[in-house]
Amino acid sequence: METKDILLELRTKHGLSQDELAEKVFVTRQAVSRWETGDTVPNTETLKHLSQLFDVTINTLLGSPLRLYCECCGMPLKDVDISHEKDGAFNEKYCRWCYADGGFTMDFWKQYGVTAGKERFDAFKQQLVHEFNALLCAEGLPEVEDLNVLSGDYINLEYRLPSGEKVKFLDDNASYLGNQLEGRNGRCFGIAGNMDFLLICSYAEDGREPVLVMYKKR
Ligand SMILES: [Zn+2]
């Protein structure tokens, strides 16, 4: 789609008149009208305002000329996956699992700060795969081939200890490297790790009846 059609669609989807949109992004109604006829394209500053207002990236406003990939983990980025800065603006370099609120989410990236990049990430991931497979092999479990960046709130299962106490091991607001392995009798194995530890668990469908298999400091 072209920018003029995208802007028209977003404006009508948000129930705004040309006047109302113009006011929100500090331009004249005539300017909005010219965008929608394709006579002009919003300038950089206005594209930023439109991006924040409609919660879509500038890349999307311009008709998605670039295929975006997270510079940390390499995942292809759709608008819903893209990270935000503290002020709510998109940061199109990273996915929201790797980067949030102006900072890197995993200890790994915090440690390396802005020099974190795909090469370092891949090296770290390979190291974790290697360590996980040593543990999985010792437990007689299937090997893992790759790890994905997973959000803590998505995989933070609650385990019941023999004492009856319930515990969680992860931080809902952090990201981890992990994966799911096929198990037996309808149960799966889940693995998750970061700079500090490796965790292996098993669970039934949808994470029900979780059992902690192993939690190991690195
Ligand atoms: Zn990422």
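Residues numbered from 1 in each chain as written. Predicted model: local features only at pLDDT ≥ 70, side-chain atom pairs only at ≥ 80, totals over all residues.

Peer 1: I'd like a description of the pairing of strand β2 (residues 90–95), backed by residues and values.
Peer 2: As paired elements, strand β1 (residues 82–84) and β2 share three bridges and run antiparallel to each other. Residue Ile-82 lies in a different strand from β2, and its bridge partner there is Cys-95. The hairpin formed by β1 and β2 contains five residues between the paired strands, and Gly-88 there has a positive phi angle of roughly 95°. (Pairing = 2+ DSSP bridges. Helix = DSSP H or I, 4+ residues; strand = E, 2+ residues; numbered from the N terminus.)

Peer 1: How would you explain the sheet that holds strand β9 (residues 188–193) if you had to name every residue and give the values?
Peer 2: Strand pairing in a sheet relies on backbone hydrogen bonds, with the paired strands running either antiparallel or parallel. Pairing within the open sheet is antiparallel, and its five strands lie in the order β5-β8-β9-β10-β11. Each of the sheet's edge strands pairs with one partner strand only, and the pair in question is β5 (148–151) and β11 (211–217). If you compare each strand with its neighbour and ignore which way they point, the axes differ by 30° on average. As defined by bridge partners, strand β8 (residues 175–182) adjoins β9 across six bridges and the pair is classed as antiparallel. Bridge pairing in β9 places Asn-179 opposite Ile-191. Helix α7 (residues 118–138) rests against β8, β9, β10 (197–203) and β11 of the sheet, and its axis sits at about 55° to β10. (Axes fitted to C-alpha atoms, helices over the stretch in contact; angles between N-to-C directions. Contact = placed C-beta atoms within 7 Å.)

Peer 1: Report on the environment of Val-25, specifying residues and quantitative values.
Peer 2: As for its placement among the helices and strands, Val-25 is situated in the loop between α2 (18–24) and α3 (29–37). With 18 residues separating them in the primary sequence, Val-25 and Asn-43 have C-alpha atoms 11 Å apart. Residue contacts for Val-25: discarding those within four places in its chain leaves Thr-46, His-49, Leu-50 and Leu-53.

Peer 1: I'd love a proper account of the packing of helix α1 (residues 3–13) against α3, names of residues and values included.
Peer 2: The geometry of α1 relative to α3 is characterised by a closest axis approach of 6 Å and an angle of 125° between their N-to-C directions. With respect to each other, α1 and α3 are oriented oblique. Residues Lys-4, Leu-7 and Leu-8 of α1 form the contact with α3, whose participating residues are Trp-35, Glu-36 and Thr-37. For the contact of α1 with α3, the residue count by class is three nonpolar, one polar and two charged. (Parallel < 35°, antiparallel > 145°, perpendicular 65-115°, else oblique. Nonpolar A, V, L, I, M, F, W, Y, C, P; charged D, E, K, R; others polar.)

Peer 1: A description of α7 should follow, citing residues and the corresponding values.
Peer 2: Residues separated by three or four positions in an α-helix point in the same direction, a consequence of the helix having 3.6 residues per turn. Relative to the 30 Å expected for 21 residues at 1.5 Å per residue, α7 spans 30 Å between its end C-alpha atoms, a close match to the ideal helical length. Within α7 the residues assigned to the buried category are Phe-121, Phe-124, Leu-128, Phe-132 and Leu-136. Take α7 and look down its axis: the buried residues cluster within an arc of 110°, on one side only. Exposed and facing more than 90 degrees away from the buried side of α7 are Glu-119, Ala-123, Gln-126, Gln-127, His-130, Ala-134, Cys-137 and Ala-138. Two residues or fewer past α7, Gly-140 is found with a positive phi of approximately 70°. (Expected span 1.5 Å × (residues − 1). Buried ≥ 20, exposed ≤ 12 C-beta atoms within 10 Å, placed from the backbone. Arc of directions from axis to C-beta.)

Peer 1: Give a description of the domain arrangement of the chain that names residues and reports values.
Peer 2: A common way to state how big an interface is: give the accessible area lost once the parts meet. Splitting the chain by domain gives domain 1 (3–104) and domain 2 (118–217). Taking only C-alpha atoms, the centre of domain 1 and the centre of domain 2 are 36 Å apart. Taken together, the six residues of domain 1 in the interface contact five residues of domain 2. Grouping the amino acids of the side of domain 1 that touches domain 2 by side-chain chemistry returns four nonpolar, one polar and one charged. (Domains from an automatic or database assignment.)

Peer 1: Can you lay out the confidence of the model for the chain for me, pointing to particular residues and giving the numbers?
Peer 2: Averaged over every residue, the pLDDT of the chain is 88; the share at 70 or more is 95%. Averaged pLDDT values over the elements of the chain bottom out at 60 in helix α6 (residues 107–112) and peak at 97 in α2. (pLDDT = per-residue confidence, 0-100.)

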